[in-house]
Amino acid sequence: NKFQFGLSYYKEGKYDMAIAKYKKSLIYRLEVEDKNGTAVTYNHLGEVYIKVDSLNKAYKYLQKALKISQEINVPQDEMLAYVGLGHYYEKTKQYDKAIAYYDRAVKLAKETGDLGPKMEAHNGLYQSYRSLNNFKLALYNHEDYYVLHDSTNKVESRKQIANLGAKFEVEQ
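Notes on the structure in this doc start here. (Residues numbered from 1 in each chain as written. Predicted model: local features only at pLDDT ≥ 70, side-chain atom pairs only at ≥ 80, totals over all residues. Heavy atoms only, no water.)

### Quick word on the pattern of salt bridges
The tally for this structure, following the rule as stated, stands at four salt bridges. For Lys-14, the salt bridge goes to Glu-12, with nearest N and O atoms at 3.2 Å. A residue is classified by how much of its surface remains accessible, and Lys-14, at 39% relative accessible area, is partly exposed. Linking Asp-53 and Lys-91 is a salt bridge whose minimum nitrogen-to-oxygen distance equals 2.9 Å. Here Asp-53, found in the loop between helix H3 (35–51) and helix H4 (55–71), pairs with Lys-91, found in helix H5 (residues 75–91); they are 38 residues apart in sequence, far enough to count as distant. The partly exposed category is assigned to Asp-53, whose relative accessible area is 49%. (Salt bridge = Lys/Arg side-chain N within 4 Å of Asp/Glu carboxyl O. Buried < 20%, exposed > 50% of the residue type's maximum accessible area, 1.4 Å probe, protein only. Helix = DSSP H or I, 4+ residues; strand = E, 2+ residues; numbered from the N terminus.)

As structure tokens, then:
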């Protein structure tokens with residue numbers, strides 16, 4: 001799957017290769033009219049373009065992701081777009097706009113219970129408020145980020161332990 005390769009390259013910091021794979025994935029998703037997959041791919045393209053400082057491209061892809069995710073009513077994709085747009089505005093030092101998008105992501109995450117985007121949004125809020133010298137709100141969001149980060153790590157550790165236990169039982 002080209003998208004998964006793009007994700008792997010992104011995590012390795014090989015951004016040009018990630019862009020190439022995401023674009024190939026996007027072509028396929030558009031051909032088969034996979035709107036959800038298209039929105040997710042636009043989100044990831046937006047995020048990688050932020051990393052390489054192609055901010056106009058990042059903004060374009062993130063706006064497309066947001067539009068599609070709202071059209072098809074997929075809150076998880078919408079949250080990712082809000083977080084991505086928060087990153088974009090944070091990178092361009094438009095902290096008030098970044099805060100507005102991060103707040104939208106937090107609100108939606110509270111409704112869906114999705115911890116990943118909520119954690120990312122709180123981290124973005126922390127960074128943005130810190131940049132504005134609003135240390136009270138920066139601290140508040142950093143604490144929320146830390147609690148979410150800690151709880152997601154505990155959940156992941158439990159899954160890994162359960163998988164090891166299951167693997168051990170199978171091998172016995």
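Still to come is the rest of the account.
### Let's talk about helix H1 (residues 2–11)
Within the sequence span of H1, burial applies to Phe-3, Gly-6, Leu-7 and Tyr-9. Down the axis of H1, the smallest arc covering the buried residues is 165°, so these residues share one side. The inward-facing, buried residues of H1 abut helix H2 (15–31) and H3. Residue Asn-1 occupies the N-cap position of H1, its side-chain oxygen lying 2.7 Å from the main-chain nitrogen of Phe-3. Immediately downstream of H1, the backbone of Gly-13 shows phi near 80°, a positive value. (Arc of directions from axis to C-beta. Contact = heavy atoms within 4.5 Å. Polar contact = N/O pair within 3.5 Å; in protein donor to acceptor, adjacent residues only side chain to side chain.)

Just distances and angles here, no functional claims.
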